[in-house]
Amino acid sequence: MKKVVLILLLLAVVVSATLSGCRSGDEKTILTVYNWGEYISRESDTISWRGREYEIKDVIAEFEAAYPQYKVNYQTYDDNEKMYAKLDTESYDILVPSDYMVVRLIKEGRLLELDQSRLPNVKKYLDSRLENLTYDSDQALSDKVSSYAVPYMYCTVGLLYNQEEIAPINTNDPAEAWDILFDSAMDSRIGMYSSMRESIGVALNYYGHSLNTLDSGELDQAKNLLIDQRKNVRPLVGIDELKDKYVSGELLAGVVWSGDHVVCQIRLEEAEEDPDKLQYVLPKGSNLSVDMLCVPKNAANPDGAHDFINFLYEPEIALINAVYVGYSTPHTEALKGLPAEIINNLSYYPDDETMQSLEIYYSSEAIDSTYDRIWQAILAN
Amino acid sequence: MKMRRLAYPYVLWMAVFTVAPLMLVAFYALTAYDADGRLFFTLQGLRNVFATDNTVAFNLFGLADLFGFNLQVPIYINVFAKSLEIALISTVVCLLVGYPAAYILAQHSRKRRGQSNFWLFLFIMPMWMNALLRTYAWLALLEPMGIVNTVLGYLGIGPFQFIYNDFGIGLGMVYNYLPFMVLPIHSVLVKISPSLIEAAEDLGADSTRTFLRVTFPLSLPGILSGINMVFMPAMTTFLIPDLLGGGRYLLIGNAIERQFMVSRDMTTGSALSILLMIFVLASMRILTKYEQESSEGGLLA
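Residues numbered from 1 in each chain as written. Chains lettered and ligands numbered in written order. Predicted model: local features only at pLDDT ≥ 70, side-chain atom pairs only at ≥ 80, totals over all residues.

Engineer: Tell me about the overall build of chain A, and name the residues and values.
Structural biologist: Secondary structure assignment for chain A yields 18 helices and eleven strands. Computed over its C-alpha atoms, the radius of gyration of chain A comes to 23 Å, within 12% of the 21 Å expected for a compact globule of 381 residues. Dimensions of chain A, computed from the C-alpha atoms along their principal axes, are close to 85 × 50 × 45 Å. Counting only residues that meet the buried cut, chain A has 43% of its 381 residues in that class. Of all intrachain contacts in chain A linking residues separated by at least 6 positions in sequence, the fraction that spans at least 24 positions is 76%. (Helix = DSSP H or I, 4+ residues; strand = E, 2+ residues; numbered from the N terminus. Rg over C-alpha atoms; globule rule 2.2 N^0.38 Å. Buried ≥ 20, exposed ≤ 12 C-beta atoms within 10 Å, placed from the backbone. Contact = placed C-beta atoms within 7 Å.)

Structure representation (structure tokens):
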């Protein structure tokens, strides 16, 4: 008898637990965010940066607290092309592609036009310089970008080097600045990104060519340079895993997004080492890249997506992300909270003149297929 | 009759998880969608694999460097050659390391007939752990600033570049696949009747001769199935080169993965898979033919 009562009690507990589970599940709608790895604050911590203390919070948890009707399903990628490949089969509410990928998505009609009236924070705080950049050779298409996408973070592509091991590089000339990447004396000590545009772009910039060239002679030159580099310099190729290797001294130089350099410096500071051990050079004609928040047409929860974008533009949240992520923020209010050394550094926050000297990647059918073909040949070696 | 009915779930399993996917891959390899989303028959995927408009220098076993020739081949031929090269080297190393190991283990097993072999158990135990985890462990050990190099540094040697090169990939392969070479050879060796060896000795053969004329020929089936079981996975893996190759290696497994995940070209990706499968089946066919010609079978017979 006792046993039967016990079993009944147990059953009651199980049933009520599942029922209550269902009820709380019904209230919340899922918001699926697909973002770059290490690109939003997921920790509660205190970060000291250039002598200033910052209180970091888990931004996703903050969002779920501020908007209890949503439950965030957060996923990450490390390559624009890999993100693109998933769009056919998966439904996301928020994507954070780079500029050229945004243009491609707009061209293919995959993005939802944003309802600006639901994004008051963006209107209030967005640095207008980023809206006025030219994102495509077709000006009409470039103008469309701001109605489909909101800048999240931006950065430049430059050379990171360890000044304890490498003589100072005091030049913006791309041929001199990038030279160390192709020096066989640096065997196995160089880091390169595994992404296509960054790799080919650096090689093109090294020879002084445009990052969007379609000239087959120029592209062959870049291809051969990268093939030789893989053979003779044997760089380590990756994305996020490279940062710790620069910090530890395993890698001495490499191509980095400016934000990754900032992150490396913060990690050095955390380990109570001199952050200026790792230096950053921004060659002329290198890349300026803006990662943007956008909503795909097949999003299941476009309302939540708008709320999320607007939430990321809350000054306090934007500052937390800017500190945690290390990339340059397009948020005019959050900018004021950052250390002076950072916002005055033209490599992170380029002035108009420096911006003019940089190039944005363009996307067209010809560029996409030609670059992919060259990239495959480089990989196949 | 009863036995046949018992086989039905297995037949169903094979149909759903082996035959159907194979046919799907073949179907994808020969079809594509046009601009209006209509399916049509095409050989473009197969043509892409052998496309001569995108070529790279062929350098199998470094022969091009050695003899200074420059042969341009379609990129996938080169990827295939590179995979073949690494798989062949790994298989040979596995055999050279695995055979003596299996021999010693077999002698040990034979001495303690009926009891479980502790050394054999030690050999199998790592296989209980996920290959990914074991490969990550190698990363932590052999990194330029990893555990091994740190210890060597205290002794005043190094640092050595163990991984992110051919050596690292070879090491990962040999480590992961060695048990697949040792086990079939071991199981054949323990089955060899001691009386045969005694007979050879009685007839005046020394130990070298006994091994070469009796033991080794009798163990050939084990060697063949060992080769089969190492070469095939080594040829098609993409996990090990990805982790231990420093992101620079595109082997045939990675190339297929890339076609599906990055280029979104199911047709070319499936065509590559089919060609790889034909190659694997053909080499398996050759090996099993050898195996049938020699007497008793190993694991695969």
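Once you've had a look at it, read on.
Engineer: Residues and numbers for helix α12 (residues 258-270) of chain A, please.
Structural biologist: Residue and element names in this part refer to chain A. Between its first and last C-alpha, α12 extends 19 Å over 13 residues, near the 18 Å set by a 1.5 Å rise per residue. Here α12 has its buried residues at S258, G259, D260, H261, V262, V263, C264, Q265 and I266. In the core, the buried residues of α12 are packed alongside β2 (45-49), β6 (149-162), α11 (241-248), β9 (253-257), β10 (278-281) and α14 (315-325). Looking at the residues trailing α12, positive phi occurs at E272, about 55°. (Expected span 1.5 Å × (residues − 1).)

Engineer: Help me get a handle on the environment of L66 of chain B, residues and values and all.
Structural biologist: Considering the arrangement of structural elements, one finds L66 of chain B in helix α3 (residues 63-67). Residues L66 of chain B and F40 of chain B, 26 residues apart in the sequence, show an inter-C-alpha distance of 46 Å.

Engineer: Summarise unusual backbone geometry; cite the residues concerned and give the values.
Structural biologist: Residues and elements named next belong to chain A. Of note in the backbone geometry, R50 takes a positive phi value of approximately 50° without being a glycine. Along the chain, the position of R50 falls in the loop between β2 and β3 (52-56). With a phi angle near 55°, E272 is a residue other than glycine that sits in the positive phi range. A count of 6 C-beta atoms within 10 Å places E272 in the exposed class.

Engineer: Just give me the short version of the pairing of strand β7 (residues 190-193) of chain A, but keep the residues and values in it.
Structural biologist: Residue and element names in this part refer to chain A. Covered by surrounding structure in β7 are I190 and M192 together with G191 and Y193, the residues of both alternating faces. Alignment of β7 against β9, held across two bridges, turns out to be parallel. Within the sheet, the bridge partner assigned to G191 lies in β9 and is G254. Looking at chain direction, β7 and strand β8 (residues 236-238) are connected through three bridges and run parallel. Of the residues in β8, the one forming a bridge with G191 is L236. (Pairing = 2+ DSSP bridges.)

Engineer: Can you break down the confidence of the model for chain A residue by residue, with the values?
Structural biologist: Per-chain confidence: chain A averages 90 in pLDDT, with 93% of residues scoring 70 or above. The low-confidence segment residues 19-25 of chain A (pLDDT under 50) makes zero contacts with residues lying over four places distant or belonging to another chain. (pLDDT = per-residue confidence, 0-100.)

Engineer: An account of the domain arrangement of chain A is needed here, citing residue identities and associated values.
Structural biologist: All names here are of chain A. Each assigned domain of chain A is listed here: domain 1 (27-152 + 291-344) and domain 2 (155-287 + 364-379). Distance from the C-alpha centre of domain 1 to the C-alpha centre of domain 2: 25 Å. Each partner contributes to the interface: domain 1 provides 13 residues, whereas domain 2 provides twelve residues. Only β2 and α3 (80-86) provide two or more residues apiece to the side of domain 1 that touches domain 2. Top element by residues in the side of domain 1 that touches domain 2 is β2. It accounts for three residues. The residue makeup of the side of domain 1 that touches domain 2, split by class, is four nonpolar, five polar and four charged. (Domains from an automatic or database assignment. Nonpolar A, V, L, I, M, F, W, Y, C, P; charged D, E, K, R; others polar.)

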